[in-house]
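Given next are the chains, with one letter for each unit.
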Number of protein chains: 2
Amino acid sequence: MKVSELGEFGLIDLLAGMVADAADTESPAQRDLILRIGDDTAAWQGDSSIQLATSDTMVQNIHFKLDFTPWEDLGWQVMTANLSDIAAMGGIPRYALVSLSMPGSTEVDNITSLYRGMIELTRKHGVVIAGGNITAAPVIIINITVLGSTGNKILKRSEAVPGDKIAVTGYLGAAAAGLKVLSGDIKPDSTAQETLKQAFLRPHPRIKEGQILVEKGVKAAIDISDGLIADLGHICKSSKVGAQIETPLVPVHPAIISGFDREPLVLALSGGEDYELLFTAPENVIKSVREAVSCPVTIIGDITREKSGKITVIDENGDEISPVSSGWTHF
Amino acid sequence: MKVSELGEFGLIDLLAGMVADAADTESPAQRDLILRIGDDTAAWQGDSSIQLATSDTMVQNIHFKLDFTPWEDLGWQVMTANLSDIAAMGGIPRYALVSLSMPGSTEVDNITSLYRGMIELTRKHGVVIAGGNITAAPVIIINITVLGSTGNKILKRSEAVPGDKIAVTGYLGAAAAGLKVLSGDIKPDSTAQETLKQAFLRPHPRIKEGQILVEKGVKAAIDISDGLIADLGHICKSSKVGAQIETPLVPVHPAIISGFDREPLVLALSGGEDYELLFTAPENVIKSVREAVSCPVTIIGDITREKSGKITVIDENGDEISPVSSGWTHF
């Protein structure tokens, strides 16, 4: 069987199973492990706090195209993807390792621009680039690992329970719309253009908000990197629950409304890379989060008892609809 | 300027300088940082122990060829490279993150074989594969991050001082010779063939030995991944010292002696991927290390006052020679 037939998530499940089967319960590292493969980050009990670690690889022409992503923005983007994984655990990111692979013909100035973007974002969040490595490769490959920590509580994908409301921070769909603006697919008015391009090129990881979620008692969260429906699917699968979303409640980014041929809702439901946080909790907990953060927090639906993980999407007439795409997946 | 003109180490220096210039001394992560970019691993002060982190990317047809490296051995090899970096700090490796990138046409069975090799080695050392990710790419790319820790002392590249003796664990050149056997370049007798192939395909990280080095008071070490001369060069540059090696002292692997056209010494001086530890210390410290470890420990020369970092290689007649290659470097 080919990897393309099994799919990204099938392969992850298979490998996670191999690792779990080989687990040596005598090993101190195994004993201290809090989360196995399959959440936003790995997590283990450190000396006096929970340690978090996440690693992501971005490959040229698969995850990014240099045609419409300037190097400095690319550095910011890939660092956001990793800091956002720590945010989705409610953690504080502290150190980053950057492994760069590139053809020898790459301009040094481009690599320093890439680093400038990474440094700008890491400085903003008190994160230090502490290591990494440089190797040759036929295309640009950027792997970033971020290490962080939390006190004694974390946000997990597996903690959603029936009766929880589903909420998101901020607005959705802007990054996907921004990519369409940059690639010339759509041409909204110039203010919206700029807003959407920035949403794609300079997304902000919700680090402070993730910490507030933990403080306020939220237990289940994920960051929206693959798309709302896809990432909600990860929560449902891990938690063995279903979900129902009401489309009139979904906070479509205001800049998407004007000048778009394509359905703004599709971008909000399926567009990835907004790096907003998606979480579930009782309504009063969500209310206390809303009071504590400075961004919008919107309830968009409910966690249900559907153990199959089914996500039902209901439109303004109360009819069930099928979102056209369930988000980014490899292979 | 192109990356190929600046070179791997020039680029690392440039980027490390950018990161250092941007350092925010108010950041707790910066305050706790023990080692900046440029040693075998990053290191920072954790809650009650020193935390170590290292990340390496291996790209198909650049770092490995599937023609003569079976998948399971490849998994073992790439994991060794990372565990060895922790060993070179005197640390205990604890968690690994594995990021795999591959074409969709890759056989799933090959990926599970790769994982089997990684799992076999990690289990041996009590290390847990705790996370990672899977993405598409035009060739196989394996990035591994390993997190570890030590009590309150580490081995650094920058601690060699004039008067130190230079020592290595084990024998040298076997991995490079094994690669030549596998690629059909050389054909020694069958026992030697098997030994050398295994040295290349299944190298052992010197984890226990690294910890003994720290315990016995060694301060400067590196693992031999690029080649003896190249890695000694990293120590000399970081420590602002020179070195003198006497070739009759260099412990060439016994299996290389017979049936080789090429100079065995060249393989021992310049062949990489043996993952032995190279360290410097006063002679009595090296003696106490030798008594505590179960592998050979051989003194091969002296650290000198040459601030330029010059390495002098002296042959059996006392004449200075130039090794033909100074080891692996990218671009």
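Residues numbered from 1 in each chain as written. Chains lettered and ligands numbered in written order. Predicted model: local features only at pLDDT ≥ 70, side-chain atom pairs only at ≥ 80, totals over all residues. Heavy atoms only, no water.

Draft legend 1. Quick look at the packing of aromatic side chains. Going through the model one piece at a time under the given rule, you end up with 2 aromatic pairs over all chains. Consider the rings of A:Trp44 and B:Tyr95, whose centres lie 4.0 Å apart with planes at 15 degrees: the pair is stacked. Linking A:Trp44 in strand β2 (residues 42-45) with B:Tyr95 in strand β4 (residues 92-102), this pair reaches from one chain into another. The exposure class of B:Tyr95 is buried, given its relative accessible area of 1%. (Phe/Tyr/Trp six-rings, centres within 6.5 Å; stacked < 30°, edge-to-face > 60°. Helix = DSSP H or I, 4+ residues; strand = E, 2+ residues; numbered from the N terminus. Buried < 20%, exposed > 50% of the residue type's maximum accessible area, 1.4 Å probe, protein only.)

Draft legend 2. A look at the pairing of strand β6 (residues 141-150) of chain B. Residues and elements named next belong to chain B. Extensive coverage of β6 is indicated by the burial of 10 of its 10 residues. A two-sided burial pattern is seen for β6, the buried positions comprising Ile 141, Asn 143, Thr 145, Leu 147 and Ser 149 on one face and Ile 142, Ile 144, Val 146, Gly 148 and Thr 150 on the other. Two strands pair when backbone bridges link them, and β4 and β6 are joined in this way by 9 bridges, in the antiparallel orientation. By the bridge assignment for β6, Leu 97 is matched with Thr 145. (Pairing = 2+ DSSP bridges.)

Draft legend 3. Expanded view of the confidence of the model for chain A. Residues at a pLDDT of 70 or more form 96% of chain A, whose mean pLDDT is 93. In the model output, the complex is listed with pTM 0.93 alongside ipTM 0.92. (pLDDT = per-residue confidence, 0-100.)

Draft legend 4. Molecular detail of the interface of chain A and chain B. Facing 76 residues of chain A, the contacting portion of chain B comprises 76 residues. In total, chain A and chain B occlude about 6200 Å² of area from one another, counting both sides; carbon and sulfur atoms represent 67% of this. Summed over the three residues of chain A that lose the most area to chain B, namely A:Tyr95, A:Val108 and A:Ile134, the buried surface amounts to 10% of that side. Counting the contacts that link chain A with chain B gives 4 salt bridges. Between A:Arg94 and B:Asp32 there is a salt bridge, with its nearest N and O atoms 2.9 Å apart. Along the contact surface separating chain A from chain B lie 30 residue pairs in polar contact (both at pLDDT 80 or more). (Contact = heavy atoms within 4.5 Å. Buried area = accessible area lost by both parts, 1.4 Å probe. Salt bridge = Lys/Arg side-chain N within 4 Å of Asp/Glu carboxyl O. Polar contact = N/O pair within 3.5 Å; in protein donor to acceptor, adjacent residues only side chain to side chain.)

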